[in-house]
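Summary of the model geometry
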Amino acid sequence: MRRTNWLAALLIAPLMLLILGSFLLPVGFALFTAVADREVAATLPRTRAALAAWDGVGLPPEPAFAAMAQELGQALEDRRIGDMAQRLNFERTGMRGLLLRTARAAGRLEAPYAASMVALDARWGEGDTWLLVQRAGGPVTPLYLLRAMDLQRAPGGGVQAVAAEEALYRQLFWRTLGISLAVTALCVLLAYPVAYTIAKLSAPWSAVALMLVLIPFWSSVLVRSTAWFVLLQREGPVNQAMMALGLIDAPVQVVGTRIAVVVALVHVLLPFAVLPMHSVMKRLDGIYLRAAASLGANGVQRFLRVYLPMSMPGVLAGAAMVFLLAVGMYTAPALVGGDRDQMVAWFIAYFMNREVNWGMAAALSAYLLAMTGAAIGLARVLTGGVATIGGRA
Amino acid sequence: MREGPVARRLLRLVTALVLAFLLAPMVAVILLSFSPTELLALPPRGFSLRWYGELLDSARWMLAMKNSFVVAGATTVVATLLGTAAAVGLQLGRFRGKAVLVTILTLPMVTPYIVTAAAMFFAYSLVGLTGSLPGLVLAHTVVAVPFVVVSVLATLQTFDATLLRAAASLGASPATALIRIVVPNIWPGIAAGAIFAFATSLDEFVITLFMAGPGQFTLPRQMYASVREFLSPTILAAATMLFLCSLLFLLVSEALRVRAERRGRA
């Protein structure tokens, strides 16, 4: 017994280490990045120390000014001012300019720095500027998690909404949720009759029809999204067909619209709804339906009161799977959607690759994980613990 | 349940339409990839292998094809070995918390790919694994291995554990019993997992988008880059080839499933 357990541990350990090192730790690190505040502490350590004792009233003492001037000049010389400037600029627009300007002038500034820095730029004479630097000292900050919900810290403490023209993310999450729910509803509505019919078909035909569902299930999301990108072009086949049928007079722009995103997502995710529904319906026992019929229930009643409730676990599993994959989907909207149709995943990629703002990418990832976790949890509760399977998307 | 003839016909019509919606895009792409001109018009005016020729002549596409198969091959080997070992270990072990272990090992399946990709990019760039083929293999292995674990675990449910006791009573060491008794009995599950792992890696796009530099572009990554530049039917030729690979994997995995079902019944 003991020996078997040792062998079992030995067999599991390599994969466990791989998942731990190359998945769990990275995800944990990323989630920590959502609250981490490292830049100011790394670049301005002495300023941070000098500000630690300041009570936040009026202006900080002269040593803080002196440390700031020297450390900014040094950081510019060593070319490591960028991250810190970006971090502070993200919290307050204009900080980058102030910091770079001061860093460039650092050699010419003279003691007392409290006077010469204010003479260089009046913003050094404002307590708010210094409070911003003091609060950014780390090690953690709610900045990114708040901003990803269009919130910010109020000057006097507490939390307030960001200015209306800067608000972006609540709308982004509502849009992601809206598109995902619409796609889930459409998938369930389209998948139910398909799964039902396939479950009813006789031997060779049911296998053939199921195969036709499995073909798109196995082919890559990128290939299928690319297909829609091609088909929906202005000069593409869909426009040609609609013009030939007389439905439209001139080609319409479909790529770059919400409709294209929903169509492509439904196409990509529909098999994930059909398959669990089918596997439940295939096993449904006809005896209850016959019992209902013998008790005088008509077709509609038999369907609504017996068949539908019995097939519900498959419906819920399929809906959960579709929703789970839809909220995190990057590929399909990125290819066929416009700027105003992008979902959370696109913004994570945007902050990673273009803005290089890892804090925001991590904060959005944390909320996305929470959404998927909630969907899985809800599906488990509703289906009474039937695990949802994963999929390739 | 019995429905009236009208209802049945209506249901079959809806099903046919939905299945057509599912398959039409792929059929269109395949037809367009054989188009003799750059016009994306259906039905195609003629038949030509011109775009497949361009694919084979292009250094970028050939590099992408090579990278795709190298990465998918390496991913399959690592994922199948580690995944099978872990599944057998999970089945053999008599300890509590097994369900938790299975959940942890299959977490990459339910984590949004964009989150996995971003997290891996953070962490792998710290140790210099971004922009390298080994880094890409490691990343693909993480998302492919849960399918191997799930597939092998499912086959192990039908494995008769008394065979192991019989082997032990005849003097076989646990390692010998594993290789000579367990593996030959569960190979359809291992093969199905391996195929799914290969297909997952070959089709993977989001993680590759973050992890691969131009030298590590895979077929999906190159397709995406090309779509962004100029929509040429060469992309459709590449899409058709990837699609045919998926079709092949589907057929093999179905054959394995049918075989396993027959075995289970016997």
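Residues numbered from 1 in each chain as written. Chains lettered and ligands numbered in written order. Predicted model: local features only at pLDDT ≥ 70, side-chain atom pairs only at ≥ 80, totals over all residues. Heavy atoms only, no water.

**Observations concerning the overall build of chain B**
Tallying secondary structure elements over chain B gives 11 helices and 0 strands in all. For chain B, the succession of helices and strands along the chain, N to C, is α-α-α-α-α-α-α-α-α-α-α. Along the longest, intermediate and shortest principal axes, the C-alpha atoms of chain B span 70 × 65 × 30 Å. Here chain B holds 266 residues, and 53% of them are scored as buried. Considering only residue pairs separated by 6 or more positions, chain B has 71% of its internal contacts joining residues 24 or more positions apart. A total accessible area of about 11,800 Å² is found for chain B, and carbon and sulfur atoms account for 69% of it. (Helix = DSSP H or I, 4+ residues; strand = E, 2+ residues; numbered from the N terminus. Buried < 20%, exposed > 50% of the residue type's maximum accessible area, 1.4 Å probe, protein only. Contact = heavy atoms within 4.5 Å. Areas by Shrake-Rupley, 256 points an atom, 1.4 Å probe, with all protein chains shown as cover.)

**Here's the deal with the interface of chain A and chain B**
Counting residues at the interface gives 84 residues for chain A and 88 residues for chain B. When the two sides are added together, the surface that chain A and chain B hide from each other amounts to roughly 7,700 Å², 82% of it contributed by carbon and sulfur. Across the contact surface, chain A and chain B share 0 salt bridges. Applying the counting rule to chain A against chain B returns 5 residue pairs in polar contact (both at pLDDT 80 or more). Ranked by residue count, the leading element in the side of chain A that touches chain B is helix 1 (residues 2-33) of chain A, at 20 residues. (Buried area = accessible area lost by both parts, 1.4 Å probe. Salt bridge = Lys/Arg side-chain N within 4 Å of Asp/Glu carboxyl O. Polar contact = N/O pair within 3.5 Å; in protein donor to acceptor, adjacent residues only side chain to side chain.)

**Section: the nonpolar core**
A:L269, A:Y330 and B:I114 are the most contacted members of the largest nonpolar core, which has 184 residues in total. Looking at this core element by element, the count peaks at 15 residues for helix 14 (residues 258-282) of chain A. Residues within four places of A:L269 in sequence aside, it is in contact with A:V183, A:C187, A:V322, A:L325, A:A326 and A:M329. Core analysis: the next-biggest nonpolar cluster, separate from the first, contains 28 residues, A:F65, A:A66, A:L109 and A:W130 among them. (Core = buried A, V, L, I, M, F, W, Y, C linked by side-chain atoms within 4.5 Å.)

**A few points about the UniProt feature "transmembrane region" (unreviewed entry) in chain A**
Residues and elements named next belong to chain A. UniProt feature "transmembrane region" (unreviewed entry): in the numbering of this structure it lies at residues 172-195, 207-232, 252-275, 316-337 and 358-379. Between the first and last C-alpha atoms of residues 252-275 the distance is 34 Å; the span itself is 75% helix and 0% strand. Taken end to end, residues 358-379 comprises 100% helix and 0% strand; its first and last C-alpha atoms sit 31 Å apart. (UniProt positions renumbered as here; feature names shortened; annotations may be inferred.)

**Regarding the UniProt feature "domain: ABC transmembrane type-1" (unreviewed entry) in chain B**
Those residues carrying the UniProt feature "domain: ABC transmembrane type-1" (unreviewed entry) are residues 65-253 of chain B in this numbering. Annotation note: span residues 65-253 of chain B, helix share 82%, strand share 0%, distance between end C-alpha atoms 23 Å.

**Description of the layout of surface pockets**
Unoccupied space between atoms shows up once a probe the size of one water molecule is rolled over them. The space that makes up the second largest pocket amounts to roughly 580 Å³. If you go around the second largest pocket, you meet 20 residues; those closest to its centre are A:T4, B:L92, B:A161, B:L164 and B:R165. Mapped onto the lining of the second largest pocket, the elements with two or more residues apiece are helix 1 of chain A together with helix 3 (59-92), helix 7 (162-169) and helix 8 (174-203) of chain B. Here the element with the most residues in the lining of the second largest pocket is helix 8 of chain B; it accounts for 4 residues. (1 Å grid on protein atoms, 1.4 Å probe; cavity = no way out; pocket = protein on both sides within 12 Å on 5 of 7 lines; lining within 4 Å. Points joined across faces, edges and corners; volume = space filled by probe spheres on them.)

**Concerning the pattern of salt bridges**
Going through the model one piece at a time under the given rule, you end up with 10 salt bridges over all chains. Ionic contacts of the salt-bridge type, sharing partners, join the residues A:D37, A:R87, A:E91, A:R135 and A:R153 into one network.

**Points about the UniProt feature "domain: ABC transmembrane type-1" (unreviewed entry) in chain A**
UniProt's feature table lists "domain: ABC transmembrane type-1" (unreviewed entry) at residues 173-379 of chain A, given in the numbering used throughout. End C-alpha to end C-alpha, residues 173-379 of chain A measures 20 Å, and it is 79% helix and 0% strand.

**Quick word on the packing of aromatic side chains**
Aromatic ring pairs: the centre-centre distance and the angle between the two ring planes describe each pair. Summed over the entire model, instances satisfying the criterion amount to 25 aromatic pairs over all chains. Each ring, one from A:F90 and one from A:Y144, has its centre 5.7 Å from the other, and the planes form 25°; the classification is stacked. Here A:F90, found in helix 5 (residues 82-91), pairs with A:Y144, found in helix 9 (residues 143-147); they are 54 residues apart in sequence, far enough to count as distant. We note that A:F90, like A:Y144, is buried. With 5.5 Å between their ring centres and 65° between their planes, B:F198 and B:F249 make a pair best called edge-to-face. Of the two residues, B:F198 sits in helix 8 while B:F249 sits in helix 11 (residues 233-265), which places them 51 residues apart along the sequence. Assessed through its relative accessible area of 13%, B:F249 is described here as buried. Among the aromatic residues, ring-to-ring pairing joins A:F29, A:W358, B:F121, B:F122 and B:F210 into one connected group. Directly above the ring of A:F90 sits A:R147, whose terminal nitrogen or CZ lies 4.7 Å from the centroid. (Phe/Tyr/Trp six-rings, centres within 6.5 Å; stacked < 30°, edge-to-face > 60°. Lys NZ or Arg CZ within 6 Å of the ring centre and 35° of its normal.)

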